[in-house]
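# Architecture at a glance
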Amino acid sequence: MSAAPVVLDAMGGDHGPSEIVRGAVAAWRTHGVPIVLVGREREVREELERHDATEIPVVHADEAVPMSERGAPATAGASTSLAVGCELVRRGEGAAFVSAGSTGAVVSCAVRLIGRAEGVLRPALAVALPTLPGGSTVLVDAGATADPTPEMVAQFGVLGATYARLVFGVPDPLVGLLSIGSEPDKGNRLIRGAGRLLHELPVRFHGNVEGHDVLAGRVDVIVTDGFTGNIVLKSVEGCVRTALSMTAAAGIAAPEDLAVVARRYDPETHGGAALLGLRGTLIVAHGSSGAATIARACQVARDLAGGRPRTTP
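As a starting point, this report considers the structure included with it.

Parameters at a glance
Counting restarts for each chain, with residues numbered from 1 along the sequence as it is written. Restriction of local features to residues with pLDDT of at least 70 applies here, the model being predicted, together with a cutoff of 80 or more for giving and counting side-chain atom pairs; totals for whole chains, interfaces and linings are based on all residues. The side-chain numbers reported here are obtained from all heavy atoms of the structure, hydrogens and water having been left aside. The rule is simple: take the accessible area with a 1.4 Å probe, protein chains only, and divide by the maximum for that residue type; under 20% is buried, over 50% is exposed, in between is partly exposed. Helical segments are the DSSP runs of H or I of at least four residues, strand segments are the runs of E of at least two, and each set is numbered from the N terminus. Directions are taken from the helix axis to each C-beta atom, and the arc is the one they span. Whether two residues are in contact is decided by their heavy atoms, any of which lying within 4.5 Å being enough. For salt bridges, the criterion is a side-chain nitrogen of Lys or Arg within 4 Å of an Asp or Glu carboxyl oxygen. Paired rings are identified among Phe, Tyr and Trp, the last through its six-membered ring, by centres lying within 6.5 Å, and are further divided according to the angle between planes into stacked (under 30 degrees), edge-to-face (over 60) and tilted (the rest). By convention in this document, the label disulfide applies to cysteine sulfur atom pairs within 2.5 Å. A 1.4 Å probe that fits but cannot get out identifies a cavity on a 1 Å grid over protein atoms alone, an open set with protein on both sides within 12 Å along at least five of seven lines counts as a pocket, and a residue lines either if it has an atom within 4 Å of a point. Grid points are joined across faces, edges and corners, and a volume is the space filled by probe spheres set on the points. Think of it as three bins: nonpolar holds Ala, Val, Leu, Ile, Met, Phe, Trp, Tyr, Cys and Pro, charged holds Asp, Glu, Lys and Arg, and polar takes everything else, Gly as well.

## Observations concerning helix α2 (residues 41–50)
Buried within α2 are the following residues: V44, E47 and L48. With its buried residues spanning 100 degrees around the axis, α2 presents them on a single face. Projecting away from the buried face of α2 at angles above 90 degrees are the exposed residues R42, E49 and R50. Those residues of α2 that are buried lie in contact with α1 (18–31), β2 (35–39) and β3 (58–60). Residue D52 follows α2 closely and has a positive phi angle near 50 degrees.

So, in structure tokens, the structure goes:
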């Protein structure tokens, strides 16, 4: 392979290794993404044989981190698929790492082995949410750091603005801070503190935005803590599914039109969330990811690692 491959955790997620390997084969065969799979070699190779794709290399890892595990203790061993995959990226033998494993475990392992970029306090997950005007708003943090400090949340604004500029081509991203009111004094101590700091940072800070602004396209980046951000993300996904189902049941829109809207919010379209603030590229996919979502995550990882701009979801 001429290009450094995307390293894929074959054991992560609710459906590894079967769906993960199937997604890897699709990314490799259909989209030309160079892949290295990491996991229990015999199990992974059996799956590759089912798809007649034994050319895809496998790096053995003895252990898989259960989806229920969180934090540093879960990834302390050097023989887990998470640790082996992150180590390959750290050594430059992989362009990016993709895992559908436990978010807490993935983040902890990535920070320990790949390392934070210079000056970054904590990494943050960035997800591009489709908005009403037809563009995207980057939500950050979507679940990496549940209990950040105001300094961390403010820095998420810088990370999110950089991501929007480099990945989506927004020249001067407008950053909003998620709160319970648009006034500067609204919000808890964390949000008020982060707001004061954001005014001093080199970003175009809009001020506070509210929950109803998330999909309105008022700002290019919405900043919050990982606990709130993850709830927002899953609430959006659930609300969109419910609204589309109700619309379909009422028969007031053509099924093909509803399918277009549904696809914009489908995890398969996005592939996963980028973990910002590391010394390498890392994509965290949904734990429930099927083959199509994994294939998309591998494409996104390749494009981000190679500096290719992403298209609007």
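## Examining the pattern of salt bridges
If you walk through the whole model with that rule in mind, you get 11 salt bridges. As a salt-bridge pair, E19 and R22 come within 3.0 Å of each other at their nearest N and O atoms. On the criterion of helical spacing, the pair formed by E19 and R22 is a turn pair, its members being three residues apart in helix α1. In this structure, the salt-bridge partner of E93 is R91, at a minimum N-O distance of 2.8 Å. Owing to a relative accessible area of 41%, E93 belongs among the partly exposed residues under this scheme. If you follow the salt bridges from partner to partner, you end up with E87, R90, R91 and E93 in one network.

## A short note on the packing of aromatic side chains
According to the stated counting rule, one finds one aromatic pair in the structure shown. Note on Y163 and F168: the rings are 5.9 Å apart at their centroids and 75 degrees apart in plane angle, and the pair reads as edge-to-face. Accessibility classification places Y163 together with F168 in one group, the buried group.

## A word on the state of the cysteines
Under the definition given, this model contains zero disulfides. No disulfide involves C109; its sulfur sits 4.1 Å from the nearest other cysteine sulfur, which is in C86. A relative accessible area of 0% places C109 in the buried class. With no disulfide of its own, C298 has C86 as its nearest cysteine by sulfur position, at a separation of 15 Å. Judged by its relative accessible area of 0%, C298 is buried.

## Some points on empty space enclosed by the protein
On inspection of all chains with the given rule, the structure shows one cavity of 30 Å³ or more. Estimated volume of the largest cavity: approximately 40 Å³. Along the walls of the largest cavity sit D9, M11, G12, V65, S81, L82, S99, G101 and S102, which together make up its complete lining. Looking at the lining of the largest cavity residue by residue, the classes come out as three nonpolar, five polar and one charged.

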